[in-house]
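# Fold and geometry: a report
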Amino acid sequence: MAPGEKIKAKIKKNLPVTGPQAPNIKELMQWYCLNTNTHGCRRIVVSRGRLRRLLWILFTLTAVALIFWQCALLISSFYTVSVSIKVHFQKLDFPAVTICNINPYKYSAVRHLLADLEQETRAALKTLYGFSEVTSRKRREAQSWSSVRKGADPKFLNLAPLMAFEKGETGKARDFFTGRKRKVNARIIHKASDVMHIHNSKEVVGFQLCSNDTSDCAVYTFSSGVNAIQEWYKLHYMNIMAQVSQEKKINMSYSADELLITCFFDGVSCDARNFTLFHHPMYGNCYTFNNRQNETILSTSMGGSEFGLQVILYINEEEYNPFLVSSTGAKVIVHRQDEYPFVEDVGTEIETAMATSIGMHLTESFKLSDPYSQCTEDWSDVQITNIYNATYSPQICLHSCFQAKMVENCGCAQYSQPLPQGADYCNYQQHPNWMYCYYQLHQAFVREELGCQSVCKEACNFKEWTLTTSLAQWPSEVSEKWLLSVLTWDQSQQIKKKLNKTDLAKLLIFYKDLNQRSIMENPANSIEQLLSNIGGQLGLWMSCSVVCVIEIIEVFFIDSLSIIARQQWHKAKGWWARRRAPACPEAPRTRQGRVNPGLDIDDDLPTFTSALSLPPAPGAQVPGTPPPRYNTLRLERAFSSQLTDTQEAADHTINCLLPYPHLP
């Protein structure tokens, strides 16, 4: 390299480098603080005094922390919704109305199927409560099973023995079949299905269910004997009816002409042809009004009871099963046309000899789906098979999940219409273990151990009718005589007896008004609002803009990383150069030595200025200018060549000494 180039390179090297090309992180940060628009960073550098600089560092870090906190809150609350409520006044579609008699089947039609079950039920009641003229309890217990023991052993009490627990004795129970006390301990009852809800204050009644091999048993107790007897009877009742064909069960239940005496809707007369048959496993024949027949949905023109649905129902209390139901009347449910009516869950009971008025208010809800909520618009994101062929609702999902668990664990379905594909109703002949399996699953379902509650989601869009019920005595005493006579004459072809007011119930369902309330969810934030809010936080705490944010990203990430990478590259390059350099002879070691400033060889040629910077020798005088000796000029060429060789040798020696800083 030419001497001039070496001088320019050295000057450039010694000049201070600022900006993104700074040699280290410290100088880069100093340059950034002096040139940025964020005032806090600049005050850290230019402030005088340690206390003032420390305060500005504290203020700046606090502002940065507040910015991150506020921005985190803005981002986390981005997926929130705002709810708006709108009220529309318009002509409303009338909902579907399903009506069921509380008694599913005529008692006279099914009594021959339930004869053995009723005989054992009456005997059990006589044993426990003594339905006879015998007043002595000991004589009741001794004589209760005399009629039963003469014949065959009771099969229903063998399948699920009824037991009574005396006061304070939870380990022993009196068997209804033998009339004797039996021991109930952990060896008979499974630990996970121990005796539940046993109170020491009074006698409780329950029944025992066991698996096929009788190694796993459970005793289910009730604080009231009424509940225990009805639940025990209901189990065996469903077991018997599951063996009857669907066609026979429909014939044994109430027809539309028998249940519906009169019908009136929106000022126009209607009859049984406006109702659709729907068979329910527990309520028999049910009938749905306005069930989208011929793809037509009826609507009402005005609000009020005169423009709704008015029906008179024939309950026929004489045909009630005394052990299955303990009340008289009917059940009604208001629902969408494409929704399955779960009468046993949300039905409203109607009393006999009463006029029940049900006023409705329609509310339609629209929820936002993911990521705003976990609701679902259809069955696509729910891992449950829809067995009801109806639109999605949480109830349908839960029932479908439970029936799927029943089919999976018990091999049959219970209380389901229609049945899951490939399954049949539970009955003891085909599925001997179903009673025990059903109760185990039911208890697990109540404790939310089956996972159905976590799988089923809320529906995003749904309609809800808010019902207001009021009662009035019907018919009145002054109109009872003529009204019952006319109704008896009208129904003489269907009903072969004189009607009594306890056999009748009047139902009125109507809109209170035609105001439809719509609840809609809308996104509370947008991308524009989010960026605006973040910009406001940056300007508030740091007087910063989007350009400052880009500058921060460039300096703290791009430039800082490039400086670190450049430093590592130079280190690696120097290591590689030292590895590739030729080996030098080892210099002799001396005990003592001193540094001679005159030997501080510079790469550049000596100049007048550099010569003046050399320290003079101790005790030496500065010589004057000697007179010229012209006879030495002839030796210049030879001396120059000799000096060149000497200089090259000296340079090689110095280069070899450079790796050994310990030498003098």
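Residues numbered from 1 in each chain as written. Predicted model: local features only at pLDDT ≥ 70, side-chain atom pairs only at ≥ 80, totals over all residues. Heavy atoms only, no water.

- Under an unreviewed UniProt entry, the name given to the protein is Epithelial sodium channel subunit gamma, and the source organism is Muntiacus reevesi.
- In its Subcellular location (unreviewed entry) section, UniProt records this for the protein: "Apical cell membrane".
- Quoted verbatim from the Catalytic activity (unreviewed entry) field of UniProt, the annotation for the protein is "Na(+)(in) = Na(+)(out)". (UniProt positions renumbered as here; feature names shortened; annotations may be inferred.)

### Here's the deal with the packing of helix α3 (residues 39-46) against helix α4 (residues 50-76)
- Two elements in contact, α3 and α4, have axes whose closest approach is 8 Å; the angle formed by their N-to-C orientations is 160 degrees. It follows from the interaxial angle that α3 and α4 lie roughly antiparallel. Here the hand of the crossing between α3 and α4 comes out left-handed. In this structure, α3 uses Gly 40, Cys 41, Arg 43, Ile 44 and Val 45 to contact α4, whose residues at the interface are Arg 53, Trp 56, Ile 57 and Thr 60.
- Taken together, the residues of the contact of α3 with α4 sort by class into 5 nonpolar, 2 polar and 2 charged. (Axes fitted to C-alpha atoms, helices over the stretch in contact; angles between N-to-C directions. Helix = DSSP H or I, 4+ residues; strand = E, 2+ residues; numbered from the N terminus. Parallel < 35°, antiparallel > 145°, perpendicular 65-115°, else oblique. Left-handed = near helix turned anticlockwise from the far one by under 90°. Contact = heavy atoms within 4.5 Å. Nonpolar A, V, L, I, M, F, W, Y, C, P; charged D, E, K, R; others polar.)

### Points about the nonpolar core
- Membership of the largest hydrophobic core comes to 98 residues, with the highest contact counts inside it found for Phe 94, Ile 99, Leu 209, Trp 232 and Leu 313.
- Among the elements that make up this core, the one with the highest residue count is helix α15 (residues 434-446) (9 residues).
- Core analysis: the second largest hydrophobic core is formed by 13 residues, Ile 312, Tyr 314, Trp 474 and Leu 484 among them. (Core = buried A, V, L, I, M, F, W, Y, C linked by side-chain atoms within 4.5 Å. Buried < 20%, exposed > 50% of the residue type's maximum accessible area, 1.4 Å probe, protein only.)

### Looking at the state of the cysteines
- Inspection of the entire model under this criterion finds 6 disulfides.
- Across the disulfide, Cys 100 is cross-linked to Cys 286 (sulfur-sulfur distance 1.9 Å). The chirality of the disulfide connecting Cys 100 with Cys 286 is right-handed, given an S-S dihedral of about 120 degrees. Remark: Cys 286 occurs in strand β12 (residues 284-289) and Cys 100 occurs in strand β3 (residues 96-101); sequence separation between them is 186 residues. Here the two residues Cys 100 and Cys 286 agree in accessibility, since each one is buried.
- Paired through a disulfide, Cys 410 and Cys 437 show a sulfur-sulfur distance of 1.7 Å. Measuring the twist about the S-S bond at about -85 degrees, one finds the Cys 410-Cys 437 disulfide to be left-handed. Of this pair, Cys 410 sits in helix α14 (residues 394-410) while Cys 437 sits in helix α15, and the two are 27 residues apart along the sequence.
- Taking relative accessible area as the criterion, Cys 437 reaches 10% and is therefore assigned buried. (Disulfide = S-S within 2.5 Å.)

### Digging into the side chain of Asn 239
- Within the secondary structure, Asn 239 sits in helix α10 (residues 225-241).
- The buried category is assigned to Asn 239, whose relative accessible area is 4%.
- Every residue in contact with Asn 239, bar those within four places of it in the chain, is listed here: Cys 426, Asn 427, Tyr 428, Gln 429, Trp 434 and Met 435.

### Remarks on the sheet that holds strand β16 (residues 348-350)
- With respect to topology, 5 strands assemble into an open sheet ordered β11-β12-β3-β15-β16, the strand pairing being antiparallel. Every interior strand has two partners, whereas the edge strands, β11 (275-280) and β16, have only one. Neighbour to neighbour, the strand axes of the sheet diverge by 30 degrees on average, direction disregarded.
- As paired strands, β3 and strand β15 (residues 330-335) are joined by 6 bridges and run antiparallel to one another. Bridge pairing in β15 links Cys 100 to Lys 331. (Pairing = 2+ DSSP bridges.)

### Digging into the environment of Ser 84
- Note on placement: Ser 84 falls in strand β1 (residues 81-89).
- For the pair Ser 84 and Ile 519, spaced 435 residues apart in the sequence, the C-alpha separation amounts to 5.9 Å.
- A distance of 3.5 Å separates the side chain of Ser 84 from the side chain of Asn 522, its partner in a polar contact. (Polar contact = N/O pair within 3.5 Å; in protein donor to acceptor, adjacent residues only side chain to side chain.)

### Some details on the UniProt feature "transmembrane region" (unreviewed entry) in the protein
- The positions that UniProt labels "transmembrane region" (unreviewed entry) are, in the present scheme, residues 54-79.
- Taken end to end, residues 54-79 comprises 88% helix and 0% strand; its first and last C-alpha atoms sit 40 Å apart.

### Some details on the packing of α10 against α15
- The geometry of α10 relative to α15 is characterised by a closest axis approach of 11 Å and an angle of 125 degrees between their N-to-C directions. Judged by the angle between their axes, α10 and α15 are oblique. Regarding α10 and α15, the two cross each other, and that crossing is right-handed. Where α10 approaches α15, its residues Glu 231, Leu 235, His 236 and Asn 239 are matched on the opposing element by Trp 434, Met 435, Tyr 438 and Tyr 439.
- Each residue belonging to the contact of α10 with α15 can be placed in one class, and the counts come to 5 nonpolar, 2 polar and 1 charged.

### So, the pairing of β3
- Burial runs high along β3: 6 of the 6 residues are buried.
- Bridge analysis of β3 against β12 gives 4 bridges, and the strand direction is antiparallel. Paired with Ile 99 across the two strands is Tyr 287, which belongs to β12.

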